[in-house]
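Given next are the chains, with one letter for each unit.
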Amino acid sequence: MTGISPRQLEDALLACARGIRHLEAGTSLLIDCGTWLHREDLTSRFITTGTSITDSATLLASLDWEGATAALHAGELPASSGERRMLLLAASIAGGIPVSLSDTLPGIDHRNARLAVSAVAHATGLPN
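J.: Help me understand the overall build of the protein, please; the structure alone is not making it clear to me.
T.: What the protein contains, in helices and strands, is seven helices and two strands. Its helices and strands taken in sequence order, the protein reads α-α-α-β-β-α-α-α-α from the N to the C terminus. In summary, the protein has a C-alpha radius of gyration of 14 Å against a globular reference of 14 Å for 128 residues, a match within 12%. Expressed as lengths along the three principal axes of its C-alpha atoms, the size of the protein is roughly 45 × 35 × 20 Å.

Here it is, written out as structure tokens:
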């Protein structure tokens, strides 16, 4: 994904998710954990960009949640245990990818736990 900064990519992902709470929540969780959008192995393979058909200018981006989690499970996206957990949680919230919470939640640090709780609140429409 050449020529697009992580910040532009964040904006494009959020623009594409706007108005779909679970997609906003999972996308925000992935962004807020802070590492994945700086990794070319994720962005070059699993994020597609384009421009809005309504104004032909707004950059939009979507993430292939299934493809990214499949690559993670296959060892094609090496990650720390925390990065792995956060991608799985984000993919579950945004993309409906099944995740075992009893395997995923233990071990995340306090910061990421707060991000996950906030994402769940957002997905359900609660103030966070």
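J.: What should I look at first to understand helix H4 (residues 65-73) in this one?
T.: At 3.6 residues per turn, the α-helix brings residues three or four places apart onto the same side. When we look at burial in H4, the residues that qualify are Trp65, Gly67, Ala68, Thr69, Ala71 and Leu72. Of the residues trailing H4, Gly75 is marked for its positive phi of about 80 degrees.

J.: Any chance you could explain the side chain of Glu83 here in plain terms?
T.: Structurally, Glu83 can be placed in helix H5 (residues 81-95). A distance of 2.9 Å separates a polar atom in the side chain of Glu83 from the backbone nitrogen of Ser80. Dropping the residues within four chain positions of it, Glu83 is found in contact with Thr35, Trp36 and Arg39.

J.: What is the right way to read the nonpolar core from this model?
T.: Note that soluble globular proteins tend to have their nonpolar side chains buried in a common cluster. Counting residues in each nonpolar core, the largest one holds 35 residues, and the members touching the most others are Leu42, Trp65 and Leu77. Mapped by element, the contributors of at least two residues to this core are helix H1 (6-17), helix H2 (21-33), helix H3 (40-46), strand E2 (59-63), H4, H5 and helix H7 (110-124). Take this core: its biggest share by element is eight residues, from H5. Those residues in contact with Leu42, other than ones at most four positions away along the chain, are Trp36, Leu37, Ile47, Leu63, Ala68 and Leu77.

J.: Whenever I open this one, the pattern of salt bridges confuses me. Can you help?
T.: Side chains carrying opposite charge are able to pair once their charged atoms draw close together. Scanning all chains against the criterion turns up five salt bridges. Salt-bridge contacts for Arg7 lead to Glu10; the nearest nitrogen and oxygen are separated by 3.0 Å. With Arg7 and Glu10 both in helix H1 and three residues apart, this pair spans about one turn of that helix. By relative accessible area, which is 17% here, Glu10 ends up buried. Salt bridges here are not isolated pairs; linked through shared partners, they connect Arg7, Glu10 and Asp11.

Scoring rules and cut-offs
Counting restarts for each chain, with residues numbered from 1 along the sequence as it is written. Under the rules for a predicted model, residues below a pLDDT of 70 receive no local features and side-chain atom pairs below 80 are neither given nor counted, while totals for whole chains, interfaces and linings still include all residues. Working from all heavy atoms in the structure, the side-chain values ignore hydrogens and water. Think of it this way: any DSSP run of H or I at least four residues long counts as a helix, any run of E at least two long counts as a strand, and we number them from the N terminus. To get the radius of gyration, use the C-alpha atoms; to get the globule rule, take the number of residues to the power 0.38 and multiply by 2.2 Å. Burial classes: relative accessible area under 20% of the type maximum marks a residue as buried, over 50% as exposed, and values in between as partly exposed (1.4 Å probe, protein chains only). We call two N or O atoms a polar contact when they sit within 3.5 Å, provided that within protein one can donate a hydrogen and the other can accept it, with sequence-adjacent residues counted only if both atoms are side-chain atoms. Should any heavy atoms of two residues lie within 4.5 Å, those residues are considered in contact. Among the buried residues, those of types Ala, Val, Leu, Ile, Met, Phe, Trp, Tyr and Cys that are joined through side-chain atoms within 4.5 Å form a nonpolar core. When a carboxyl oxygen of Asp or Glu lies within 4 Å of a side-chain nitrogen of Lys or Arg, that pair is called a salt bridge.

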